[in-house]
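Examination of the molecular architecture
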Amino acid sequence: MDKMDKSISRLSIKQSIALRRLTKTEVVAPIVELTILEKRICEVFDIFDTTKSDEIDVKDLGIIIRTLGCVVTEAELQEIQVQVEDVVTNRIPLKKFLEYMSKAIEEYKYKPAEAEDLLKAFQLLDPEHRGYIMREDFEKVMMEIGEPFSTEEINNMMAIACDPETKQINYEHYINLLLVKIPESLNVYSIADAMEAARLEAMPKKPKLDSLLLTYQ
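Residues numbered from 1 in each chain as written. Predicted model: local features only at pLDDT ≥ 70, side-chain atom pairs only at ≥ 80, totals over all residues. Heavy atoms only, no water.

As annotated in an unreviewed UniProt entry, the protein chain is Dynein regulatory complex protein 8 isoform X1 from Apis mellifera.

See below:
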C-alpha cells in the first residue's frame, strides 16, 4: 500500500470514529424550570430535609403536608404515603412528593374548608341560633359522621374549642382559631388559582361573533 492509500485509510478511520462518537452522543434533556407552586412545595420540603439529601423521614410526611396548608385525615395521609414513599428506605424522595402534591393541589384536593362553609355546618347543629353547641353533641357528630376521630384527637380538639366550665363551644370563635391566615404569596391554593388564571389568559381568544360578522360584510 503506497503513502496515498495509507493516508486515505487513516482519514477514513478518523471519520468513522468521529461519526460513531456523534451517533453515541447523549442528548441532554433541557432543564425544565419549576412553576411557582413547585418552588413553594420545594421550599417547605427543604425545611424538613435536614440532611439535604432530597429526602425526608416518612414520620414527617403529615407535618410537611399540613405545613403546606393542606387538610388531610389519617386515612388520606396513609393513601399519600403509599404513593410517595420509597419502601426500601422508608423515606420520602422529593421527586415523588413534588409530583404527587403538585397534581393534588392543582386539583384542589385537601383544600381547607372556607369560613362560611364551617359556619353553616355548625349552625346546622345549633337550630336555636344560640351561638354555641354543647361538647357532648359535637363529640357525637365527630364520631358518627365521616372518618371517626380517636379519643386523643377529640380531647385535643376540645382543649381548644370547649369552655371547660360550661362545656359549651362558641363556634364562631373556634372557627377563627382554626383558620390560620396564610399570606397569598405562600398559600398553595392561591398560587394554584393564579396559575390557572394565567393559563386561561394565555389561551387563544375565540373571535367574538360581531367581529366575524364584520369580516364577512
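The number of helices and strands found in the protein chain is eleven helices and four strands. Buried positions account for 25% of the 217 residues belonging to the protein chain. Put simply, of all contacts in the protein chain between residues at least 6 apart along the chain, 59% involve residues at least 24 apart. When the accessible surface of the protein chain is split by element, carbon and sulfur atoms take 58% of a total near 16100 Å². (Helix = DSSP H or I, 4+ residues; strand = E, 2+ residues; numbered from the N terminus. Buried < 20%, exposed > 50% of the residue type's maximum accessible area, 1.4 Å probe, protein only. Contact = heavy atoms within 4.5 Å. Areas by Shrake-Rupley, 256 points an atom, 1.4 Å probe, with all protein chains shown as cover.)

Here Asp126 shows up in the loop between α6 (115-124) and β3 (132-134). On the basis of relative accessible area, Asp126 is assigned to the buried category, the value being 0%. Only 2.9 Å separates the side chain of Asp126 from the backbone nitrogen of Arg130, close enough to count as a polar contact. There is a polar contact of 2.8 Å between the side chain of Asp126 and the backbone nitrogen of Gly131. Other than its neighbours up to four places away in sequence, Asp126 contacts Gly131, Tyr132, Ile133 and Tyr171. (Polar contact = N/O pair within 3.5 Å; in protein donor to acceptor, adjacent residues only side chain to side chain.)

Following the criterion strictly, the structure yields 14 salt bridges and no others. One salt bridge in this structure joins Glu99 and Lys95, with 2.8 Å as the shortest N-O distance. One end of the pair is Glu99 and the other is Lys95, both in helix α5 (residues 94-106) and four residues apart, which spans about a single turn. By relative accessible area, which is 60% here, Lys95 ends up exposed. Ionic pairing is found between Arg130 and Glu128, a salt bridge with its closest N-O pair at 4.0 Å. Residue Glu128 is classed as exposed on the basis of its relative accessible area of 61%. A cluster of three or more residues bridged by salt bridges with shared partners is formed by Lys103, Glu107 and Lys109. (Salt bridge = Lys/Arg side-chain N within 4 Å of Asp/Glu carboxyl O.)

Turning to the nonpolar core, a few remarks are in order. Core analysis: the largest hydrophobic core is formed by 28 residues, its most contacted members being Leu61, Ile64, Ile65, Phe97 and Ile105. The set of elements that each furnish at least two residues to this core consists of α2 (36-48), α3 (61-67), α4 (74-84), α5 and α10 (188-202). With 15 residues, the next largest nonpolar core counts Ile154, Cys162, Tyr171 and Tyr174 among its residues. (Core = buried A, V, L, I, M, F, W, Y, C linked by side-chain atoms within 4.5 Å.)

The next point concerns helix α8 (residues 151-161). When we look at burial in α8, the residues that qualify are Ile154, Met157, Met158 and Ala161. Down the axis of α8, the sector holding all buried residues measures 100 degrees, keeping them to one side. Seen from the buried face of α8, the exposed residues on the opposite side, beyond 90 degrees, are Glu152, Ala159 and Ile160. Residues of α8 that are buried sit in contact with α7 (135-144), β4 (168-170) and α9 (171-178). (Arc of directions from axis to C-beta.)

A few words now on α2. Taking 1.5 Å as the rise per residue, α2 with 13 residues should run 18 Å; its terminal C-alpha atoms sit 19 Å apart, in good agreement. Residues of α2 that are buried: Leu37, Arg40, Ile41, Cys42, Val44, Phe45 and Phe48. (Expected span 1.5 Å × (residues − 1).)

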